[in-house]
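# Close look at the chain arrangement
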Amino acid sequence: MPLSRLHLSNFRNLVEVDLEIPAGVSVYYGANAQGKTALVEAVYTLAIARSFRAENERELVNFDAAKDGELAIVEGVVEDPNDEAARLRVIVGYRVSESTAATGPGYRVSKEIRVNRIRRTAGELVGLFHAVLFSALDIELVQGPPSARRRFLDILISQADSVYLKSLQRYQQVLRQRNRLLRIRREGRAGADEMEYWDGELVKEGAWLTLRRNEVMESLTPAFVGHHQDLSVPGENPQLRYRPSVPLPSEPQGIEDNYREALRETAGREQATAATAIGPHRDDFDISVNGVDMRAFASRGQARTLALSLRLAEAEALSAARGTGPLLLLDDALSEMDASRRARVLEKASLYPQVMITTTDPEQVSGFFGESAFYFEVSGGQITPVVGIPTA
């Protein structure tokens, strides 16, 4: 279902925005630091219940509004034009309250989510409205730490499969409890029998998550390869391979045995570090071209193309899982491309029912879409519809 309306209050520098989001392609252009990425960030928050770039939700609340104790709100209306009953009104609110920490007085931010006025958890929101984000930060998918690639997989699968998200949440709870118990054991305040239960839970949830991630990675690979071949130079043979911290068995039912064996082998290390050494939180996936590990040896241009191919494969996977294409968000994703590659990316994006593109140079997009796209100027936190095709 497309996003039809967006209302923002005190979200970063977007103090007050009320915007109709058209179906098809809409282009948001302006100089840097005017609010384009904040707009995309807000829309993506409606899909995954958190910011893709903020380390702390305090960053999301406009500073002047936070000083006055005002709310920050991201509100979106998602609706099926053929089914009025399917309309969803999603609100992610950020409430500011005073806090006195060791560093001195300040404020803290708490988040509340509502869907059609009913309070929901973040886990209940994910998957109601699905989106794929193309960002300048995506180079981290190739050259960044394993956590960036794990997050890519977790967001993709969680939007498509609520069972996966629930299992991931249970695994994270088990991991916290088990790490806490490891610390207590190191201090001599807990016995081995207390660890047995949490080992069993870690094995059960971790094994299922590992198999599910590997399954998705295998299904993602053909689309990734196809998109990369369309966007890259001839002769490049890309490949994805999931690399779990626990060896995958020849038969799926043997995965739990492998987990138990891995726990036995890492027991000494865990006792020293008081941290769980194996499991999905330690996993990664390989990205190679012609057998060369791109995590270490990709040029910036190669990394950008590989990341774009991953995102296009993600959008294709979500379309297959949900029966309709996700909202595509392209945040300054075209700036370092030549005209030919940019046209190929835009052609692929145009196959989806709703696309939002941000750019500092509207001609990069208007040259392809012309009058078939909708244009908005972003300046000083204000977003204004533009009649006709903008120039620079």
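Structure: above.
Residues numbered from 1 in each chain as written. Predicted model: local features only at pLDDT ≥ 70, side-chain atom pairs only at ≥ 80, totals over all residues. Heavy atoms only, no water.

### Brief notes about the pairing of strand E14 (residues 374-379)
In this structure, strand E3 (residues 24-29) lies alongside E14, joined through four bridges in parallel fashion. Directly across from Tyr28, in E14, lies its bridge partner Phe376. With five bridges connecting them, E14 and strand E15 (residues 382-386) associate as antiparallel partners. Across the sheet, residue Phe376 finds its bridge partner in E15, namely Pro385. (Pairing = 2+ DSSP bridges. Helix = DSSP H or I, 4+ residues; strand = E, 2+ residues; numbered from the N terminus.)

### A closer look at the packing of helix H5 (residues 146-160) against helix H11 (residues 300-322)
Following both chains from N to C, one finds H5 and H11 inclined at 20°, their axes separated by 9 Å at the closest point. Put simply, H5 runs roughly parallel to H11. Once H5 is placed against H11, the crossing between them reads as right-handed. Residues Phe152, Leu156, Gln159 and Ala160 of H5 form the contact with H11, whose participating residues are Leu310, Arg311, Glu314, Ala317, Leu318, Ala321 and Arg322. Looking at side-chain class alone, the contact of H5 with H11 contains seven nonpolar, one polar and three charged residues. (Axes fitted to C-alpha atoms, helices over the stretch in contact; angles between N-to-C directions. Parallel < 35°, antiparallel > 145°, perpendicular 65-115°, else oblique. Left-handed = near helix turned anticlockwise from the far one by under 90°. Contact = heavy atoms within 4.5 Å. Nonpolar A, V, L, I, M, F, W, Y, C, P; charged D, E, K, R; others polar.)

### Things to note about the sheet that holds strand E12 (residues 327-331)
Across the sheet, which stays open at both edges, the six strands sit in the order E8-E12-E13-E3-E14-E15 with mixed pairing between neighbours. The open sheet has two edge strands, strand E8 (131-135) and E15, and neither has a second partner. Direction aside, neighbouring strands of the sheet carry axes that sit 20° apart on average. Across four bridges, the pairing between E12 and strand E13 (residues 354-359) is parallel. Following the sheet pairing, Leu328 is matched in E13 by Val355. Against the sheet, helix H1 (residues 36-48) makes contact with E3, E8, E12, E13, E14 and E15, and its axis sits at roughly 150° relative to E12, the strand it touches most.

### Side note on the side chain of Asp284
Relative to the elements of secondary structure, Asp284 occurs in strand E10 (residues 284-289). Polar side-chain contacts of Asp284 include one of 2.6 Å to the side chain of Arg149. Within polar-contact distance, the side chain of Asp284 engages the side chain of Arg295 at 3.0 Å. For Asp284, the contacting residues outside a window of four places in its chain are Pro146, Arg149, Tyr242, Arg243, Pro244 and Arg295. (Polar contact = N/O pair within 3.5 Å; in protein donor to acceptor, adjacent residues only side chain to side chain.)

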